[in-house]
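# Descriptive structure summary
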Amino acid sequence: MAFTLITFVAFTILVAVISYVKTKGDDQTTADGYFLAGRGLPGFVIAGSLLLTNLSAEQLVGTNGQTWAVGMSPMAFEVLAATALIVLALWAAPRYLKSGITTIPELIGLRFDRSTQLSFCIAYIILYLVVQIPVILYSGSLVFENIFNLSGLLGITKFQSICVLCIAISVVGSIYAIFGGLKAVAVSDTVNGVGLLIGGLMIPFFALNVLGHAAGSESTITILDGWKYLVANHADKLNSIAPINAEAPAVPWPTVFTGLVFLGLQSWCTHQSFIQRVLAAENLKEAQKGALYCAFLKIAGFMFLALPGVIAYALFELQGDQVSMMDDAYPHLVTQVIPAPLMGFFAAVMFGAILSSFNSVLNSVNTMFTMDIYHEYINPKASEEKLVDVGKKIGIVFAIATTIVGPMVYFFPAGLKTFLDSFVMLIGLPVLSAVFGGFFFKYLPKYAAKVIMVFHVVVYGLFMLLAPSYPGGGTMHYLYAVAVLWPIELIIMTIMNKRNKKAHPDMQAWEQKDVQAVDLTPWKYRKIVSIVILICVVAVYIFFSPVGIGVA
């Protein structure tokens, strides 16, 4: 245990030192310097920060827990993200950088009006504070509780241990997000990203080695034997094509290229904490590089975000000690397969991933409150220094609030990932409609986005409350609702666009202004790289299907 703690502390300090050295001397006194890293992030830093913003214990615990329960179909959340990142690189990033915006609500305000900007900003902040950050804190605490057995060491209950860990994560994470600004968060993300790729990819290989030994192999290294046992005995779990009437957390195959794609567009093209990295790019070329590099990382993500869950099921089944909850599968696997000398490094990597997601979302909430509420409504004449000061102070308030809410996720029974993914679309899809519809339709009335917001919250909220069933029984997957609702919302916007144009024949089409914030010359290899990414997505799906190694 002593060696584990030493290696954990050493790697954590190393990340902090590198972040300090790389950001020392940067101008943190301006809004752009603090919230957008001075608009100077290169592509590889954007890619690492995008990955780490998305990839926390919430993903490692949640998605692997889902694949433990239902097989490989939840890998779609990772692999299909690559298609959304292509849209971000080729379509969204050029438009966002052209407007020189700091937040997504600001863009909505430019397209519609100030009241729409305010309403969407408030909705986003509530979503982040009530759902996103608390789940990040809880999932991180769960992993650490299972790795270090803090409750056993301190003689407290598991819930009390989670409370203690939520506080610890919040305090350390706030130091980065509040006092370091986006540059410190992005640099630490990149370093932690390298560590996470190494640490995360260790798990399936170590797990297959343990599975091979458990299956009776007498070789010293039994990774291949473990893989053969997995394919021979659990090929059904390796099939990513779920039935049309599959229930969550499985992903029904018709929703993979409909509802899940819409969910991906919302996450990667309009989610403030992701987009803020792209808005901080040095130029359009670096923004596109970052998004497309990240797409390759997301495709490879099934190796440590989905496959370990299936291996865990096979291993626990063979040992006769299956866990009872999805969210316990991955932590239990980790404690079984990682050699003791590497446990501290893996724990530090996990800690860095948790901090990265927490830092990123907290920084985004601070940015939206400061720029879209405080600067827009409370103090429009505030100086740059005042805006940075307000961002830091409100960050402390938000950190305390989410730390109180975080442990409450312990009592939610449906699993981390399903809970977050289904609830986030209550607000996320209207934002996607407002942003994409705002660019698609040039004659929309100012109130259009608010109409979509009300319509969606009512209809999707009723869907979640009523939980309708398939004709043959079983609760209908929430991605079907997403698959139906977004096209309907675009149709409603089409009607409003035509009616408004007819009612105001002299109305000028909306045109986006180029504020020349950065160089908009695109990356010359963006299209060929995008094609390669799509080929990789198809190849992974073929491999994990009845055409490949899976069995229906």
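For the structure given in this document, a descriptive report is provided here. Here the structure is a predicted model, which means the values were calculated and not measured.

## Considering the packing of aromatic side chains
Applying the stated criterion across every chain yields a total of 20 aromatic pairs. Aromatic rings pair up to connect Trp-91, Phe-262, Phe-436, Phe-439, Phe-440, Phe-441, Trp-486 and Trp-510 into one cluster. Taking NZ or CZ as reference, Arg-111 lies 5.3 Å from the ring centre of Phe-112, over its face. For the cation-ring pair, Lys-237 lies above Tyr-313, with the distance from its terminal atom to the ring centre recorded as 4.1 Å.

## Some remarks on the state of the cysteines
Counted under the stated rule, the structure contains zero disulfides. No disulfide involves Cys-121; its nearest neighbouring cysteine sulfur is the one of Cys-269, lying 20 Å away. The closest cysteine sulfur to the non-disulfide-bonded Cys-536 is located on Cys-294, 14 Å from its own sulfur.

## Notes on the nonpolar core
Counting residues in hydrophobic clusters, the biggest one holds 185 residues, and the most contacted among them are Met-75, Tyr-96, Ile-125, Leu-230, Val-435, Phe-436 and Tyr-460. In this structure Leu-230 touches Leu-208, Leu-211, Ala-235, Leu-238, Leu-307, Val-310, Ile-311 and Ala-314, once residues within four positions along its chain are discounted.

## What to know about the pattern of salt bridges
Counted by the stated rule, this structure contains six salt bridges. Here Glu-376 ties to Arg-114 by a salt bridge, and the two come within 2.9 Å at their closest N and O atoms. Taken together, the positions of Glu-376 in helix H20 (residues 340–378) and Arg-114 in helix H8 (residues 114–148) put the pair 262 residues apart, joining distant regions of the chain. The partly exposed category is assigned to Glu-376, whose relative accessible area is 25%.

## Quick look at unusual backbone geometry
Generally, phi is negative for residues other than glycine and the peptide bonds are trans, each holding for most cases. A cis amide bond links Ala-248 to the next residue, Pro-249, at an omega of 15°. Despite not being glycine, Arg-39 shows a phi value in the positive range, around 50°. Residue classification places Arg-39 among the buried positions, given a relative accessible area of 13%. Positive phi values are uncommon outside glycine, yet Ala-467 reaches one of about 45°. Structurally, the position occupied by Ala-467 is in the loop between helix H23 (448–466) and helix H24 (478–503).

## Some details on the packing of helix H12 (residues 223–233) against helix H18 (residues 307–319)
For the pair H12 and H18, interaxial distance at closest approach is 11 Å and the crossing angle is 85°. In terms of orientation, H12 lies roughly perpendicular with respect to H18. When H12 is examined against H18, the residues Trp-227, Tyr-229 and Leu-230 are found in contact with a partner set consisting of Leu-307, Val-310, Ile-311, Ala-314 and Leu-318. Along the lines of polarity and charge, the residues of the contact of H12 with H18 split into eight nonpolar, no polar and no charged.

Cut-offs used in this document
Residues numbered from 1 in each chain as written. Predicted model: local features only at pLDDT ≥ 70, side-chain atom pairs only at ≥ 80, totals over all residues. Heavy atoms only, no water. Phe/Tyr/Trp six-rings, centres within 6.5 Å; stacked < 30°, edge-to-face > 60°. Lys NZ or Arg CZ within 6 Å of the ring centre and 35° of its normal. Disulfide = S-S within 2.5 Å. Core = buried A, V, L, I, M, F, W, Y, C linked by side-chain atoms within 4.5 Å. Buried < 20%, exposed > 50% of the residue type's maximum accessible area, 1.4 Å probe, protein only. Contact = heavy atoms within 4.5 Å. Salt bridge = Lys/Arg side-chain N within 4 Å of Asp/Glu carboxyl O. Helix = DSSP H or I, 4+ residues; strand = E, 2+ residues; numbered from the N terminus. Axes fitted to C-alpha atoms, helices over the stretch in contact; angles between N-to-C directions. Parallel < 35°, antiparallel > 145°, perpendicular 65-115°, else oblique. Nonpolar A, V, L, I, M, F, W, Y, C, P; charged D, E, K, R; others polar.

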